[in-house]
Every structure is written in structure tokens, then in C-alpha cells.
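# Reading the structure
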Amino acid sequence: GEISNMYTRNGKSRRIHSLIILPSLESAEKINNILSWQGNLKSDGRPILGMDTEELLKIVIDTEPMALFVPAHAWTPWFGVFGSMSGFDSIEESFGENAKHILALETGLSSDPPMNWRLSALDKFALISNSDAHSPAKLGREANVFDTELNYPSIIEAIKQKDPQKFLYTIEFFPEEGKYHYDGHRLCRVSMSPEQRKKVKGICPKCGRKLTVGVLSRVDELADRKDGFTPPGAIPYKSLVPLKEIIAEAMGTGLQAKGVEKQYQELIQKFSNEFNILLDVSLEELNKFTLPKIAEGIKRVRDGNLIIEPGYDGEFGKVKIFHEDEINEEQNKLF
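Residues numbered from 1 in each chain as written. Predicted model: local features only at pLDDT ≥ 70, side-chain atom pairs only at ≥ 80, totals over all residues. Heavy atoms only, no water.

## Thoughts on the overall build of the protein chain
- Summing up its helical and strand segments, the protein chain has 13 helices and 13 strands in all.
- The C-alpha radius of gyration of the protein chain comes to 21 Å, within 12% of the 20 Å expected for a compact globule of 335 residues.
- A separation threshold of at least 6 residues defines the contact pool for the protein chain, and within that pool the share at least 24 residues apart is 63%.
- Split by element, the accessible area of the protein chain, about 17000 Å² in all, is 51% carbon and sulfur.
- Here the protein chain contributes 42 positively and 49 negatively charged side chains, and the mean placements of these two sets differ by 5 Å. (Helix = DSSP H or I, 4+ residues; strand = E, 2+ residues; numbered from the N terminus. Rg over C-alpha atoms; globule rule 2.2 N^0.38 Å. Contact = heavy atoms within 4.5 Å. Areas by Shrake-Rupley, 256 points an atom, 1.4 Å probe, with all protein chains shown as cover. Lys, Arg positive; Asp, Glu negative; His and termini not counted. Charge placed at Lys NZ, Arg CZ, Asp CG, Glu CD.)

This is the structure we're talking about:
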């Protein structure tokens with residue numbers, strides 16, 4: 001489950017989301033019983049508690065030593081442990097003497113493993129990627145791929161040990177597509193790279209208010225390595241775009257179009273599941289069973305050959321696979 005902690009530490013408002021992963025329903029019941037004295041756990045899918053995250057971590061580990069406690073979407077400005085608006089500069093600062101119990105971090109949609117690799121302080125943590133459950137269609141947009149026995153101890157041990165033989169890779173959003181990758185101000189439709197934000201001293205040029213500092217800037221601020229560094233033993237990753245988005249753009253139509261659903265279902269029936277199609281099926285096979293433009297779209301996603309307008313201040317980024325003239329050509333064919 002995910003819990004939101006809202007509290008004050010050292011005169012600053014903190015709002016931190018955390019994931020608690022447990023080995024059994026019995027463990028969950030014990031922890032629920034303790035936390036129910038701190039707030040209403042039934043009020044929301046992600047309950048809000050007024051306690052310090054350091055205290056929450058202590059309660060969880062004392063109650064269930066096998067628990068995995070993970071700072072959720074660690075870089076999100078408003079609710080990440082490293083967030084520019086309410087976070088900390090290190091895991092140790094956030095969790096104090098209990099920081100030794102933090103063994104993994106969730107990268108979130110707006111950052112990917114290479115961005116996190118720029119901080120040597122994070123080398124000891126496993127980087128995991130998960131999907132929240134806000135809408136069923138988006139389950140699996142980020143995921144972890146294991147080759148272990150299908151049980152709690154095996155999977156948790158693979159994460160803790162960062163064993164590349166068992167924790168094979170993570171599946172990622174392209175981080176630019178995340179809602180907080182760039183700096184910006186949504187109300188004024190202002191989006192800026194870290195360099196552009198520095199030039200305006202963090203002030204929105206349209207309304208004069210402070211810009212929301214995004215994930216890329218925050219990583220830059222805390223990083224002690226240059227972009228492109230890969231630490232020894234790093235778990236690999238693969239970046240994807242959802243299959244329906246690829247089909248819709250290839251066909252030059254909207255996501256809800258009947259033709260998109262038809263192509264999607266035919267591909268799923270033929271190749272079992274979306275991950276298999278996006279990652280493993282050969283282009284030769286894809287060209288046999290779907291439109292050449294769709295196969296080309298999948299190839300471009302695999303190659304990372306995309307046009308991306310980064311997200312900012314709560315706005316998702318926009319991913320384009322084909323150039324405008326290619327899309328117009330496809331629409332003309334359909335017409």
C-alpha cells in the first residue's frame with residue numbers, strides 16, 4: 001500500500017509518500033491496527049497521516065522485520081522524499097538512524113535509472129519502478145521484471161541484493177513524459193529546462209510567481225556525477241510507450257477510435273500480451289500481422305527514436321513517434 005505523511009520538520013512542511021510492501025495479510029492487519037490510532041486509514045486509497053516518516057518506518061520495521069519500506073516516486077516535487085517543495089536532500093536526513101532499513105527507491109514517472117545513477121549516494125539502493133492503480137488501463141506502464149520463484153521472500157531478496165541474475169530489468173516511462181520532468185508553471189503554460197529556469201531566477205515570466213522546480217533540476221542540484229555515468233552492478237532498464245498510443249499515432253487517429261481497439265485486440269490475441277509485443281516479437285513477425293506503420297512505430301520506441309515535449313508542474317509530457325508530415329500522409333490515406 002501507499003501512505004502519505006504530512007508533517008513539519010525543522011520548520012518546514014513535509015509531504016512524503018511511501019510504499020509499504022508486506023509478506024502477509026496478517027502483517028498488514030497488525031500494522032493497520034497500530035496506524036489506525038494515528039488517522040483514518042479508510043478515508044482514501046492512499047491514507048494521510050500526520051506523523052513523521054521516520055516514525056512510520058520504525059513502526060513498520062518493528063512490527064514486520066520482513067517488510068520492504070520504499071520512498072515512493074522519490075523525486076516528485078510535492079510528495080517525493082527528494083522533492084523540491086517538501087522533501088529532503090538525502091535519505092539519511094529524512095529517516096535518521098532508521099535510514100539503514102531503506103533498501104530500495106521508486107524512481108517515479110518523471111525520472112529513470114540513469115538520472116538516479118548521477119548520485120553516488122544512491123548506489124546502495126535498488127531502483128524499482130511500479131504503476132499506481134488510479135486507472136486499470138495504466139497498470140503495468142512501469143514494472144519490475146524478475147526471474148525468481150513466485151513468492152515474497154525470493155522477490156524481495158532479489159531487490160535487496162540487486163542480483164542481476166534474478167532482478168533482470170525495470171520497465172520505464174520515458175521520463176520526459178512524466179508530469180514533473182521540467183520546471184514550469186501550469187496556469188501560465190510556462191515550461192522550462194533547468195538552464196532556462198536559472199536565467200529567469202526561478203520566477204514565472206508571465207505572472208511573477210515561483211516556478212515549480214521539476215525532477216530534472218532537482219537531480220542536477222543533488223548530483224555529484226555527470227549525465228551518462230553507469231555505476232557497476234546497475235540493474236538494466238527498458239523504456240516503453242503504451243501500445244494503444246503507438247497504434248493511434250500510426251493510424252493518425254484518437255486513442256478511443258474503433259480501428260485502434262480492433263488493431264490492439266488482434267495483436268494481443270496473436271502475441272499474448274502487450275509487453276511481449278513491445279519488447280520481444282520480431283519486426284518481421286509484426287509486419288506479417290499488423291500495419292507496417294504500427295510495426296515501424298514499435299521499432300522507433302525500441303530505438304528511443306521519439307519526439308518528446310517534456311511534462312511540467314502536473315502536466316504530462318507529449319510523446320510523438322512520427323513527424324507531422326508522416327501523420328498527415330497517413331490521414332490522407334485513410335480519407
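Now, onward.
## Some thoughts on the environment of Pro23
- As for its position among the elements, Pro23 is in the loop between strand S2 (12-21) and helix H1 (25-35).
- Measuring from C-alpha to C-alpha, the distance between Pro23 and Lys238 comes to 28 Å, with 215 residues separating the pair along the chain.
- Not counting residues up to four positions away in its chain, the partners in contact with Pro23 are Glu64, Met66 and Tyr152.

## Re the sheet that holds strand S8 (residues 167-172)
- The mixed open sheet is built from three strands, whose spatial order is S7-S8-S11. If you trace the sheet from one side to the other, it starts and ends with strand S7 (143-146) and strand S11 (237-239), each paired once. Going across the sheet, the axis of each strand differs from the next one's by a mean of 20°, ignoring polarity.
- Bridge count for S8 against S11 is three bridges, and the pairing is parallel. Each residue of the ladder has a partner; that of Ile171, found in S11, is Lys238. (Pairing = 2+ DSSP bridges. Axes fitted to C-alpha atoms, helices over the stretch in contact; angles between N-to-C directions.)

## Here we look at the packing of H1 against helix H2 (residues 53-63)
- It is the contact of H1 with H2, at a shortest axis distance of 10 Å, that shows an interaxial angle of 140°. For the element pair H1 / H2, the angle class is oblique. Note that H1 runs across H2; the crossing there is right-handed. Across the interface between the two elements, Lys30, Ile31, Ile34 and Leu35 from H1 touch Leu56, Ile59, Val60 and Thr63 from H2.
- Residues of the contact of H1 with H2, tallied by class, amount to six nonpolar, one polar and one charged. (Parallel < 35°, antiparallel > 145°, perpendicular 65-115°, else oblique. Left-handed = near helix turned anticlockwise from the far one by under 90°. Nonpolar A, V, L, I, M, F, W, Y, C, P; charged D, E, K, R; others polar.)

## Concerning the packing of aromatic side chains
- Here the structure, examined in full by the defined rule, presents six aromatic pairs.
- Where Phe173 meets Phe316, the ring centres are 6.5 Å apart and the plane angle is 65°; that geometry is what we call edge-to-face. Here Phe316 lies in the loop between strand S12 (307-309) and strand S13 (318-320) and Phe173 lies in the loop between S8 and strand S9 (183-185), a separation of 143 residues in the sequence.
- The class for Phe316 is partly exposed, based on a relative accessible area of 33%.
- Cation over ring: Lys244 sits above Tyr264, and NZ or CZ is 5.0 Å from the ring centre. (Phe/Tyr/Trp six-rings, centres within 6.5 Å; stacked < 30°, edge-to-face > 60°. Buried < 20%, exposed > 50% of the residue type's maximum accessible area, 1.4 Å probe, protein only. Lys NZ or Arg CZ within 6 Å of the ring centre and 35° of its normal.)

## Structural notes on the sheet that holds strand S4 (residues 68-71)
- One open sheet holds the four strands; their spatial order is S3-S1-S2-S4, and the pairing between them is mixed. Each of the sheet's edge strands pairs with one partner strand only, and the pair in question is strand S3 (48-49) and S4.
- The pairing of strand S1 (residues 2-9) with S3 spans two bridges and is parallel. Pairing of Asn5 across the sheet is with Leu49, part of S3.

## Section: the pattern of salt bridges
- Tallying each qualifying case throughout the model produces 16 salt bridges.
- The salt bridge involving Glu54 is made with Arg9; its shortest N-O contact spans 3.9 Å. With a gap of 45 residues between them, Glu54 in helix H2 and Arg9 in strand S1 connect regions that are remote in the sequence.
- Judged by its relative accessible area of 14%, Arg9 falls in the buried class.
- Here Lys244 and Glu261 are joined by a salt bridge, their closest N and O atoms 2.7 Å apart. With Lys244 in helix H8 (residues 243-251) and Glu261 in helix H9 (residues 258-271), the pair connects residues that are 17 residues apart, well separated along the chain.
- Judged by relative accessible area, which is 28%, Lys244 ranks as partly exposed.
- What emerges from the salt-bridge pattern is a single network uniting Arg9, Asp52 and Glu54. (Salt bridge = Lys/Arg side-chain N within 4 Å of Asp/Glu carboxyl O.)

## Some thoughts on unusual backbone geometry
- Located in the positive-phi region is His73, a residue other than glycine, with phi close to 25°.
- Within the secondary structure, His73 sits in the loop between S4 and helix H3 (91-95).
- A positive phi is found at Ser272, a non-glycine position, where the angle reads about 80°.
- Position of Ser272 among the secondary structure elements: in the loop between H9 and helix H10 (274-279).
- Owing to a relative accessible area of 58%, Ser272 belongs among the exposed residues under this scheme.

## Some thoughts on the side chain of Ser4
- If you trace the backbone, Ser4 turns up in strand S1.
- Looking at Ser4, its side chain comes within polar contact range of the side chain of His17, at 3.2 Å.
- Ignoring sequence-local partners within four residues, the contact set of Ser4 consists of Ile16, His17, Arg46, Pro47, Ile48, Leu49 and Phe79. (Polar contact = N/O pair within 3.5 Å; in protein donor to acceptor, adjacent residues only side chain to side chain.)

From the geometry alone we can't say anything about function, so treat these as descriptive.
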